[in-house]
Amino acid sequence: MRRIYILSFLIMILFLHPSRAQEIDTTFRVPFDFELLLSGNFGELRSNHFHAGLDFKTQGAVGRKIMCVADGYISRASVSTGGYGLAIYVQHDNGYMTVYGHLDRFPEAIAKRVRDYQYENETYSADISFKPGEYPVKRGDVLAYAGNSGYSFGPHLHFEVRNSAGDEWYDPMRFYKGYLKDSRAPKANAFMIYPMRGSGVADGKYLSKAIQVKDEAAADTVDAWGWIGLGVRALDYMDGTNNKYGVYGVELRVDGKLCFSSKMDRFSSEENRLINSWTDYQAYVDEGKWCQRMYLQDNNPLRALEANENNGLIYVGEERLYKVECRLSDYHGNSSDYSFYLRGRKQDFPVVNSEGVRLHWYVGNSVEFEGLRLDIPGGELFESIMMDVDMIENKYGISGRYLLGESPVPLWHGAVLSLEINEDAVADKSKLYIESFTKKGCSPIICDYKDGHVFAEVKALTGFEVAVDTVAPELKTLNEKSWSKKGKVLFSVKEKETFVKSFRGTLNGKFVLFSYNVKNGRIELDLKKENIRRGEHLLRLEVADACGNRSVYEKKFKY
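Residues numbered from 1 in each chain as written. Predicted model: local features only at pLDDT ≥ 70, side-chain atom pairs only at ≥ 80, totals over all residues. Heavy atoms only, no water.

1. Section: the nonpolar core
Working step 1: In terms of nonpolar packing, the biggest core is built from 113 residues, with Y100, Y176, F191, L342, F491 and F514 touching the most fellow members.
Working step 2: The element best represented in this core is strand β16 (residues 221-235), accounting for seven residues.
Working step 3: Not counting chain neighbours up to four residues away, the residues in contact with L342 comprise I193, V222, A224, I228, I314, V316, R320, L321, Y322 and V324.
Working step 4: By size, the runner-up hydrophobic cluster in this structure holds 29 residues, among which are V367, L372, V426 and V454. (Core = buried A, V, L, I, M, F, W, Y, C linked by side-chain atoms within 4.5 Å. Buried < 20%, exposed > 50% of the residue type's maximum accessible area, 1.4 Å probe, protein only. Helix = DSSP H or I, 4+ residues; strand = E, 2+ residues; numbered from the N terminus. Contact = heavy atoms within 4.5 Å.)

This is how it looks when you write it as structure tokens:
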């Protein structure tokens, strides 16, 4: 009777909660033995890329055991100063690949292989592939230990599901939806109006206009005429956490007809930089604000997006009200609805600046202007644009200082930029680099020199000027008096002009493994981990930047 009662009770539970039983996907098990919470979801908008997986919280702790989610074998292990830090890749018998990033440490066998590689090649960074029979793993095996390595700002596991080739990412939520609690819908904080330049106008202007959302309603009415595009600024939320997430699904309807929809459940490596077409690139670069377009630019084949025959653009050609409805949804089916109106009011289109050259997205374009040459292959622009090149007062006196267009323009892969230099300004041409600048700051681009010109691939059309880096990275010891007691040698490194390209340490003339974390500029030698004997040692650390400037620390110390 006891067994019959238990069986009947289980059947009753399944009958009362059939949806819960159906939600659990058994393709993969969970990677932890505690409740799953997310700090980041799939497809979140990031600089020049989509977030490629789920970020699982580790209860604020480093060293949590990570379980292998399905049978297979460890196919790869990598170590980097940024990015995923320590990462493991597993090829599964079910045809998927999973990736585990920001680890604290590898399992013993993998750690030995990585360490041997690092010492043989005298390098901290490593990327090692393994054969199918070398490191088999079973579902539930302890695979690694969660941490905070690489470009991570708190302990967590970055978890990805890919195809077997590793170049297609899938939303892991399809496998873990049943393990995560979510009753909270996404919310919009603003809608953007984008009149098409020269063929659309909103409230008498061709500039973009924001409609703020108040009390979960967008109540404003905007006067418009001609071709109009819309965008939305929105975030998602989940139970049990204050984190904010990317929005899984968007639907746009005008007068009841579907114009545009997005569903971010997969993308490929080739599609990653299409984020700069889907979002308002200028708003992100200049203001740090993300806005998702609810229309397609001419050259955006991102599969997550679908639009009507007008690419999601709205034609306001009658003097009446056009009802706009937007639905935001998450993977668990929670949704929120918003509506507002475009009032058709006939208006003259403002005169736009027609100076410069017309660059078409579907053909190659070359631009030459007083010491500058830009070669853009066909298909690199996301839409055709008018671009003017202005020369403004330079900072360094090595080349002209050029401003390409009124606002930053992203490229899919890149274009080749050439700038003429004043050869007398710099004797050592290896110290030259290109400074890319916008309203919010500047960043270095490493270049090659030949016959009075520098050349580089650029990923966006911004401002450019040739600069010089002759200053070595600033290298300082940290807590030097406690090195012996704590068993750790610590340095901080700061590089002002370009970036740290390499570092190498020795003890008594022999290579020793230092680690470097790009997020905090710390270089560390763990004396205990590297089995350094007690006694006096001659320590040498050399750090070089991208232009070959070097700083060297050399000193004897007792351990």
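2. A word on the packing of aromatic side chains
Working step 1: Evaluated as defined, the whole model comprises 32 aromatic pairs.
Working step 2: Summarising the aromatic geometry, the rings of W483 and Y553 are spaced 6.4 Å apart at their centres and angled 70° between planes, so their arrangement reads as edge-to-face. Of this pair, W483 sits in helix α7 (residues 483-486) while Y553 is found in strand β44 (residues 550-558), placing the two residues 70 residues apart along the sequence. Comparing W483 with Y553 shows no difference in burial state: the two are buried.
Working step 3: Note on F503 and Y516: the rings are 5.6 Å apart at their centroids and 65° apart in plane angle, and the pair reads as edge-to-face. Of this pair, F503 sits in strand β39 (residues 500-507) while Y516 sits in strand β41 (residues 515-517), placing them 13 residues apart in sequence. Summarising the burial analysis for this pair, F503 and Y516 share the class buried.
Working step 4: Its end group placed over the ring of Y194, R293 keeps NZ or CZ at 5.7 Å from the ring centre. (Phe/Tyr/Trp six-rings, centres within 6.5 Å; stacked < 30°, edge-to-face > 60°. Lys NZ or Arg CZ within 6 Å of the ring centre and 35° of its normal.)

3. With respect to the sheet that holds strand β33 (residues 441-446)
Working step 1: Taken in spatial order, the five strands of this open sheet run β29-β30-β36-β32-β33, and their pairing is antiparallel. The sheet is open, and its two edges are formed by β29 (389-392) and β33, each paired on a single side. Mean inter-strand twist for the sheet, computed between neighbouring axes without regard to direction, equals 30°.
Working step 2: Relative to strand β36 (residues 463-468), strand β30 (residues 401-404) is paired through two bridges, and the arrangement is antiparallel. The residue of β36 that forms the bridge with Y402 is F464. (Pairing = 2+ DSSP bridges. Axes fitted to C-alpha atoms, helices over the stretch in contact; angles between N-to-C directions.)

4. Here's the deal with the confidence of the model for the protein
Working step 1: Taken as a whole, the protein shows an average pLDDT of 93; of its residues, 95% reach a score of 70 or greater.
Working step 2: Low pLDDT, under 50, characterises residues 1-22; the stretch is placed with three contacts to residues that sit more than four places away or in other chains. (pLDDT = per-residue confidence, 0-100.)

5. Some details on the pattern of salt bridges
Working step 1: Going through the model one piece at a time under the given rule, you end up with 35 salt bridges.
Working step 2: Between E318 and R320 there is a salt bridge whose closest N-O contact spans 2.8 Å.
Working step 3: Since its relative accessible area comes to 33%, R320 is described here as partly exposed.
Working step 4: When the shortest N-O distance is used, the salt bridge between R373 and E368 registers 2.7 Å.
Working step 5: For E368, a relative accessible area of 60% puts it in the exposed group.
Working step 6: Residues participating in the shared-partner salt-bridge network are E168, R266, E271 and R303. (Salt bridge = Lys/Arg side-chain N within 4 Å of Asp/Glu carboxyl O.)

6. Here's the deal with the sheet that holds strand β26 (residues 365-369)
Working step 1: Ordered in space as β26-β27-β31-β35-β34, the five strands form an open sheet in which the pairing is antiparallel. The strands lining the two open edges of the sheet, one partner per strand, are β26 and β34 (448-450). Between one strand and the next, the sheet's axes are offset by a mean angle of 25°, whatever the strand orientation.
Working step 2: Pairing geometry for β34 and strand β35 (residues 453-461), over three bridges, is antiparallel. When the bridges of β35 are listed, Y449 appears paired with V454.

7. Observations regarding the side chain of E44
Working step 1: Structurally, the position occupied by E44 is in the loop between β1 (38-40) and β2 (45-46).
Working step 2: Apart from the residues within four sequence positions on either side, E44 is in contact with H49, F50, H51, K244, Y245 and G246.

8. A closer look at the pairing of β44
Working step 1: One ladder, built from nine bridges, connects strand β43 (residues 536-545) with β44; its direction is antiparallel. The residue bridging E536 from the neighbouring strand is K558, located in β44.
Working step 2: The hairpin formed by β43 and β44 contains four residues between the paired strands, and G548 there has a positive phi angle of roughly 85°.

9. Description of the environment of S262
Working step 1: Among the structural elements, S262 can be located in strand β18 (residues 257-263).
Working step 2: Sequence separation of S262 and R293 is 31 residues, and the distance between their C-alpha atoms is 9.9 Å.

10. A word on a negative patch on the surface
Working step 1: Taken together, the side chains of E420, E423, D424 and D451 present a region of like negative charge at the surface.
Working step 2: As for its position among the elements, E423 is in the loop between β31 (409-420) and β32 (432-438).
Working step 3: Exposure remark for E423: the relative accessible area of 40% places this residue in the partly exposed category. (Patch = residues over 30% accessible without salt bridge, like charges linked within 9 Å, V, L, I, M, F, W, Y side chains within 5 Å. Areas by Shrake-Rupley, 256 points an atom, 1.4 Å probe, with all protein chains shown as cover. Lys, Arg positive; Asp, Glu negative; His and termini not counted. Charge placed at Lys NZ, Arg CZ, Asp CG, Glu CD.)

11. Points about the state of the cysteines
Working step 1: Applying the stated criterion to the full structure yields zero disulfides.
Working step 2: Unpaired in this structure, C259 has its nearest cysteine sulfur neighbour in C326, at a distance of 11 Å.
Working step 3: Overall, C259 belongs to the buried group, its relative accessible area being 8%.
Working step 4: With no disulfide partner, C547 has as its closest neighbouring cysteine sulfur the one in C447, 7.3 Å distant. (Disulfide = S-S within 2.5 Å.)

12. As for unusual backbone geometry
Working step 1: Non-glycine residue N311 carries a positive phi angle of around 60°.
Working step 2: When you line up the elements, N311 lands in the loop between β21 (305-307) and β22 (314-316).
Working step 3: We note that E370 has phi near 40°; this positive angle belongs to a residue other than glycine.
Working step 4: Along the chain, the position of E370 falls in the loop between β26 and β27 (372-376).
Working step 5: We classify E370 as exposed; its relative accessible area is 55%.

13. With respect to the side chain of H156
Working step 1: Relative to the helices and strands, H156 is located in strand β12 (residues 156-163).
Working step 2: For H156, the side chain forms a polar contact with the side chain of S152, separated by 3.4 Å.
Working step 3: At 2.9 Å, the side chain of H156 forms a polar contact with the backbone oxygen of G154.
Working step 4: Residues in contact with H156, not counting those within four places in the same chain, are S39, D55, F56, T58, G101, H102 and G147. (Polar contact = N/O pair within 3.5 Å; in protein donor to acceptor, adjacent residues only side chain to side chain.)

14. Some remarks on the environment of K485
Working step 1: Here K485 shows up in helix α7.
Working step 2: Under the relative-accessibility criterion, K485 is labelled exposed at 76%.

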